[in-house]
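Here is what each chain is made of, one letter per residue.
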Amino acid sequence: IGFSSYTKGGKKFVYSFDHCLIRIDPKENTNTSSYISCIKNVGKEIFKSRIDNDYTLAESSPALNIGSISIANMVPTDLKGKSRTTSPDLGAYEK
């Protein structure tokens, strides 16, 4: 994760989203250096079953195999302990 800054009301917030799945206001400008290789406002097709809180990726998910190797090396396993170091997926679970 890198850093960019946002100033509002005299307060500075530093952030960057790099290879992330994010839900964001569609009016928000994401064509900046703060958003790198992100999938925004994903639909139902990305996860197996959001209704059942199953956030593993669906077979046809656009988040498959598009993660960053350098980021995956910082967090080499998913929440279930599966390796993420080759062709990592976006999200908390590796397919």
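This text follows the structure it describes.
Residues numbered from 1 in each chain as written. Predicted model: local features only at pLDDT ≥ 70, side-chain atom pairs only at ≥ 80, totals over all residues. Heavy atoms only, no water.

Student: How should the overall build of the protein be read in this particular structure?
Tutor: Counting secondary structure elements, the protein contains 1 helix and 8 strands. Each principal axis of the C-alpha distribution contributes one length, and for the protein these read about 45 × 30 × 20 Å. Taking the intrachain contacts of the protein between residues at least 6 apart in sequence as the baseline, contacts between residues at least 24 apart amount to 23%. As displayed, the protein has an accessible area near 6500 Å², and 54% of this comes from carbon and sulfur atoms. If you average the places of the 13 positive and of the 10 negative side-chain charges in the protein, the two averages end up 6 Å apart. (Helix = DSSP H or I, 4+ residues; strand = E, 2+ residues; numbered from the N terminus. Contact = heavy atoms within 4.5 Å. Areas by Shrake-Rupley, 256 points an atom, 1.4 Å probe, with all protein chains shown as cover. Lys, Arg positive; Asp, Glu negative; His and termini not counted. Charge placed at Lys NZ, Arg CZ, Asp CG, Glu CD.)

Student: Even after reading the chapter, I still don't get the nonpolar core, so can you show me in this structure?
Tutor: A general trend in soluble globular proteins is that nonpolar side chains are found buried together. Of all hydrophobic cores here, the largest spans 7 residues; its members are Ile39, Ile46, Phe47, Leu57, Ala63, Leu64 and Leu90. With near-sequence residues (within four places) excluded, Phe47 lies in contact with Leu21, Val42, Asp54, Tyr55, Thr56, Leu57 and Ala58. The next biggest cluster of nonpolar side chains, apart from the first, holds 6 residues, and it includes Tyr15, Cys20, Ile24 and Tyr35. (Core = buried A, V, L, I, M, F, W, Y, C linked by side-chain atoms within 4.5 Å. Buried < 20%, exposed > 50% of the residue type's maximum accessible area, 1.4 Å probe, protein only.)

Student: Teacher, can you tell me more about the packing of aromatic side chains here?
Tutor: The geometry of two aromatic rings is summed up by the distance between their centres and the angle between their planes. Taken as a whole, this structure holds 4 aromatic pairs when the rule is applied. Ring centres of Tyr15 and Phe17 lie 6.0 Å apart, and the angle between their planes is 50°; on these two criteria the pair is classed as tilted. Aromatic ring contacts, followed pair by pair, group Tyr15, Phe17 and Tyr35 into a single cluster. Against the face of Tyr93 rests Lys80, its NZ or CZ located 5.4 Å from the ring centre. (Phe/Tyr/Trp six-rings, centres within 6.5 Å; stacked < 30°, edge-to-face > 60°. Lys NZ or Arg CZ within 6 Å of the ring centre and 35° of its normal.)

Student: How do you make sense of the side chain of Ser61 when you look at a structure like this?
Tutor: Position of Ser61 among the secondary structure elements: in the loop between β8 (54-57) and α1 (69-74). Under the relative-accessibility criterion, Ser61 is labelled buried at 6%. Polar contacts involving the side chain of Ser61 include one to the main-chain carbonyl oxygen of Ile46, which spans 3.2 Å. Sequence-distant contacts of Ser61, defined by excluding residues within four places in its chain, comprise Glu45 and Ile46. (Polar contact = N/O pair within 3.5 Å; in protein donor to acceptor, adjacent residues only side chain to side chain.)

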